[in-house]
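# Architecture at a glance
The lines below spell out each chain.
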Amino acid sequence: MIRLSFTVLLKACLGLDDNSGADAASPINNAAKTHLEAFFNMISRNPDIRRGGRKSLVSFHASHQGIQSVMESLVKYRRDHPSSKKDLLSSMLSSQDAHMLSNEEIESNLFLFMFAGHETTANTLVYMIYLLAVFPEWQTWVVQEIDQIFSDVPLDNKMPYKDIFNRLTRLKAVMHETLRLYGPVGNLLRRTSPDHDQTISRIDGSEILIPANTLVNIITTALHTHPDYWGPEALSWKPDRWLSSDELDSEKVDHLFAWAEGPRACPGRKFSQLGTLAVLVTLLHQSSVHIVPKPGVSLEEAQSEALEVLQNSRSLLTLHIEQPQKIHVRWCPRI
Ligand code: HEM
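Residues numbered from 1 in each chain as written. Predicted model: local features only at pLDDT ≥ 70, side-chain atom pairs only at ≥ 80, totals over all residues. Heavy atoms only, no water.

Per an unreviewed UniProt entry, the recorded name for the protein is Cytochrome P450, and the organism is Penicillium daleae. Regarding the protein, the UniProt comment filed under Cofactor (unreviewed entry) reads as follows: "heme". (UniProt positions renumbered as here; feature names shortened; annotations may be inferred.)

Turning our eyes to something else, we now look at the overall build of the protein. Within the protein, the regular secondary structure consists of 13 helices and 10 strands. Taken over C-alpha atoms, the radius of gyration comes to 22 Å for the protein, in line with the 20 Å a tight globule of 335 residues would show. Projected onto its principal axes, the C-alpha coordinates of the protein cover approximately 60 × 55 × 45 Å. Long-range pairs, those at least 24 residues apart, make up 70% of the contacts in the protein with a sequence separation of at least 6. Accessible surface, the protein as shown: approximately 19200 Å² in total, 54% of it carbon and sulfur. Taking the 33 positively charged and 38 negatively charged side chains of the protein as two groups, their mean positions are separated by 6 Å. (Helix = DSSP H or I, 4+ residues; strand = E, 2+ residues; numbered from the N terminus. Rg over C-alpha atoms; globule rule 2.2 N^0.38 Å. Contact = heavy atoms within 4.5 Å. Areas by Shrake-Rupley, 256 points an atom, 1.4 Å probe, with all protein chains shown as cover. Lys, Arg positive; Asp, Glu negative; His and termini not counted. Charge placed at Lys NZ, Arg CZ, Asp CG, Glu CD.)

What follows concerns the pairing of strand E7 (residues 287-291). In regular strands, side chains alternate between the two faces of the sheet. The element E7 is largely enclosed, with a buried count of 4 among its 5 residues. In this sheet, strand E10 (residues 329-333) lies alongside E7 in antiparallel orientation, the contact comprising 5 bridges. Directly across from Val-289, in E10, lies its bridge partner Trp-331. (Buried < 20%, exposed > 50% of the residue type's maximum accessible area, 1.4 Å probe, protein only. Pairing = 2+ DSSP bridges.)

Attention now goes to the site of the ligand. The immediate surroundings of the ligand are formed by 21 residues, with Gly-117, Arg-190, Ala-258, Arg-264 and Cys-266 found nearest. Interatomic distance of 2.8 Å between a side-chain N/O atom of Arg-190 and an oxygen atom of the ligand. Between the ligand and Arg-264 there is a distance of 2.6 Å, counted from an oxygen atom to a side-chain nitrogen or oxygen. Only helix H5 (103-134), strand E1 (187-191) and helix H12 (269-286) provide two or more residues apiece to the shell around the ligand. Take the shell around the ligand: its biggest share by element is 7 residues, from H5. Of the residues belonging to the shell around the ligand, the class tally is 13 nonpolar, 6 polar and 2 charged. (Near = heavy atom within 4 Å. Polar contact = N/O pair within 3.5 Å; in protein donor to acceptor, adjacent residues only side chain to side chain. Nonpolar A, V, L, I, M, F, W, Y, C, P; charged D, E, K, R; others polar.)

Next up on the list: the coordination of the iron atom of the ligand. Here the protein supplies the iron atom of the ligand with just one donor, Cys-266 (SG), and that contact is 2.3 Å long. Position of Cys-266 relative to the elements: it lies in the loop between helix H11 (250-254) and H12. (Donors = N, O, S within 2.8 Å, 3.2 Å for Na, K, Ca; no water.)

Now for the packing of helix H6 (residues 136-152) against helix H8 (residues 169-182). Between H6 and H8, the shortest axis-to-axis distance is 8 Å and the interhelical angle comes to 145 degrees. Across the interface between the two elements, Trp-141, Val-142, Gln-144, Glu-145 and Ile-146 of H6 pack against Thr-169, Arg-170, Leu-171, Ala-173 and Val-174 of H8. Looking at side-chain class alone, the contact of H6 with H8 contains 6 nonpolar, 2 polar and 2 charged residues. (Axes fitted to C-alpha atoms, helices over the stretch in contact; angles between N-to-C directions.)

It is worth spelling out a nonpolar patch on the surface at this point. Together, Met-1, Leu-4, Val-8 and Phe-271 give the surface a local cluster of nonpolar side chains, amounting to about 320 Å² of exposed area. If you trace the backbone, Phe-271 turns up in helix H12. (Patch = residues over 30% accessible without salt bridge, like charges linked within 9 Å, V, L, I, M, F, W, Y side chains within 5 Å. Salt bridge = Lys/Arg side-chain N within 4 Å of Asp/Glu carboxyl O.)

Judged by nonpolar contacts, the single largest core of 52 residues is most densely connected at Val-142, Leu-168, Leu-171, Tyr-182, Trp-237 and Leu-310. Looking at this core, the elements with two or more residues in it are H5, H6, helix H7 (161-165), H8, H12, E7, helix H13 (299-311) and strand E9 (319-321). Broken down by element, this core gets its largest block of residues, 9 residues, from H5. Among residues more than four places away in sequence, those in contact with Tyr-182 are Tyr-127, Leu-131, Leu-307, Leu-310, Gln-311 and Leu-319. The next biggest cluster of nonpolar side chains, apart from the first, holds 25 residues, and it includes Leu-16, Met-42, Val-75 and Met-92. (Core = buried A, V, L, I, M, F, W, Y, C linked by side-chain atoms within 4.5 Å.)

Another aspect to go through is the packing of aromatic side chains. Within this structure, the stated rule accounts for 10 aromatic pairs. Relative to Phe-115, the ring of Phe-111 has its centre 5.6 Å away and its plane inclined at 10 degrees; by these criteria the two rings are stacked. Placement of both Phe-111 and Phe-115 in helix H5 is noted, with a separation of 4 residues, approximately one turn of the helix. Look at Phe-111 and you get buried, because its relative accessible area is 18%. For Phe-115, a relative accessible area of 26% corresponds to the partly exposed category. An aromatic cluster of three or more residues is present, and its members are Phe-6, Phe-39, Phe-40, Phe-111 and Phe-115. A cation sits over an aromatic face here: Lys-172 above Phe-165, 4.3 Å from the ring centre. Over the ring of Trp-230 we find Arg-180; its NZ or CZ atom is 5.2 Å from the centre of that ring. (Phe/Tyr/Trp six-rings, centres within 6.5 Å; stacked < 30°, edge-to-face > 60°. Lys NZ or Arg CZ within 6 Å of the ring centre and 35° of its normal.)

Attention now moves to H13. Helix length check: H13 (13 residues) gives 18 Å between terminal C-alpha atoms against 18 Å at 1.5 Å per residue, within 8%. Listed as buried for H13 are Ala-302, Gln-303, Ala-306, Leu-307, Val-309 and Leu-310. Down the axis, H13 shows its buried residues gathered within 155 degrees of arc, on one side only. Residues of H13 that are exposed and point over 90 degrees away from its buried face: Glu-300 and Glu-308. Summarising the contacts, the buried residues of H13 are in contact with H5, H6, H8, E7, strand E8 (313-315) and E9. (Expected span 1.5 Å × (residues − 1). Arc of directions from axis to C-beta.)

This is the structure we're talking about:
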């Protein structure tokens with residue numbers, strides 16, 4: 001999934017894919033691809049790098065410097081040779097006058113978008129797939145919707161995404177429920193204005209005063225599992241809690257902080273939603289996913305063991321399954 005989400009971001013941010021062809025920019029493009037992939041792989045395989053030894057910090061630093069230099073060449077090349085590509089880099093280069101971004105700002109933003117986007121989306125997909133395998137009844141529920149939609153429209157590249165996206169109510173519920181319990185970002189750090197106190201409104205209308213220049217740690221995991229908001233079964237994965245009369249309940253959606261809120265909320269929210277749903281529709285339209293029990297273990301036992309492995313996740317750079325090798329799934333073609 002990491003590979004898939006990296007490939008999508010590479011195309012969206014830098015306009016690079018396997019069909020990019022050979023031209024004068026190929027050496028720079030290829031170097032950018034190689035350096036970024038190596039860096040992200042290093043972080044994903046060793047998310048605890050901050051506690052790593054001197055050796056891992058040295059290779060982290062060297063890899064980071066490599067990216068800096070290759071991104072510098074790439075942005076400079078694209079500024080000198082304007083391209084018709086519809087990617088994030090072109091949008092940033094086309095900003096004018098007061099909004100014009102320096103090369104350095106563009107390089108940092110490109111890196112930030114790819115860094116912030118690749119693991120978050122990949123991990124969300126992984127949790128969704130494992131949970132659908134653990135709970136086959138919810139998989140059947142969501143597949144019913146997909147089959148219903150695609151009995152009217154053929155599944156191909158030309159379909160207008162909005163028609164499909166708006167109708168994927170159950171799959172969105174599965175995504176929201178997964179992000180509620182297994183969101184990649186479990187806490188958000190914010191600081192109040194240095195000059196004045198600020199207030200937070202509580203759900204009952206009362207207000208909490210927070211003094212100026214206070215560091216506030218918002219634990220989204222706690223907000224997402226509080227029984228006052230989510231009921232007695234707050235810790236259970238129940239996708240239909242997001243629906244009211246077969247529609248997504250917008251009030252509930254407002255209580256999800258998975259993409260944060262406010263001026264520093266995730267700018268990749270819609271992008272990640274689209275990517276996640278597109279991958280799952282493509283997979284589930286053709287195949288179903290199942291937990292594979294070890295010899296001598298019943299399916300029910302294997303499903304609850306897999307759920308335990310998922311619950312035993314740890315927040316590093318993003319949320320990680322501690323022992324993913326303990327979960328075995330099989331994709332089977334749907335007849
Ligand atoms: C399911 C997928 C995703 C989730 C749950 C998610 C969640 C978040 C959260 C919670 C933040 C705020 C972090 C903080 O303030 O500490 C954030 C920031 C950010 N995200 Fe995402 N994200 C996702 C996917 C993406 C994607 C695909 C992109 C890029 C295309 C992206 C780009 C960014 C950027 C650039 C920021 C920094 C914004 C800023 O500091 O102003 N994210 N994301």
